[in-house]
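# Working through the structure, step by step
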Amino acid sequence: DITIPRDLEYDKRLEAITQEWKDECILYQNIFALNSIISELQKNNIKIVIFTTPLHKFYLESLSDYQKNKLDELLKELSKKYDIKIYEFEEKYSELNMWRDHMHISFHESVTKYNEDIASMIIKESGK
């Protein structure tokens, strides 16, 4: 059985989710590093596929508009700049009963849809 998420109000991890990006320097260092990795992989003819991880409804609701917009901007920029496909799964499963807690999908058979979507993405992108 899937365990019902704990009362999230008392979850100590919540602070890490709800905080704003306060240090733009670190944010941009991470973006620069990601761009460098993608460039290097493409120089070596390694196919890149990016997908966002599923997020629980509570997690999604905890993100600020600023955070959501920054992620959308980043994904659009990466897709355009490097001509890569980005699969966005962050909202797709948010309301399904497949979560162990607000940060982890369960190992339950109900996650089959997510597994099928990942397998389909891999098959599609591998050209088979």
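Report follows, based on the coordinates.

Turning to the nonpolar core, a few remarks are in order. Among the nonpolar cores identified, the biggest contains 10 residues, and these are I31, I38, I48, I50, L74, L75, L78, Y82, I84 and I86. For this core, the secondary-structure elements that each account for two or more residues are α2 (24-43) and α4 (65-82). Residue contributions to this core peak at four residues, all from α4. Core analysis: the next-biggest nonpolar cluster, separate from the first, contains seven residues, F89, Y93, M98 and M121 among them.

Following the criterion strictly, the structure yields two aromatic pairs and no others. Plain terms: the ring middles of Y87 and F89 are 6.3 Å apart, the flat faces sit at 25° to each other, and that makes the pair stacked. Chaining the aromatic ring pairs together yields one cluster made of F51, Y87 and F89. Across from the ring centre of Y87, 4.9 Å away, lies the NZ or CZ of K85, which sits over that ring.

A few words on the environment of L75. Mapped onto the elements of the fold, L75 is located in helix α4. In sequence terms L75 and Y87 are 12 residues apart; their C-alpha atoms lie 9.6 Å from each other. Look past the residues within four positions of L75 in its chain and what remains in contact with it is T52, I86 and E88.

Scoring rules and cut-offs
Residues numbered from 1 in each chain as written. Predicted model: local features only at pLDDT ≥ 70, side-chain atom pairs only at ≥ 80, totals over all residues. Heavy atoms only, no water. Core = buried A, V, L, I, M, F, W, Y, C linked by side-chain atoms within 4.5 Å. Buried < 20%, exposed > 50% of the residue type's maximum accessible area, 1.4 Å probe, protein only. Helix = DSSP H or I, 4+ residues; strand = E, 2+ residues; numbered from the N terminus. Phe/Tyr/Trp six-rings, centres within 6.5 Å; stacked < 30°, edge-to-face > 60°. Lys NZ or Arg CZ within 6 Å of the ring centre and 35° of its normal. Contact = heavy atoms within 4.5 Å.

None of the figures reported here should be taken as evidence of function without further support.
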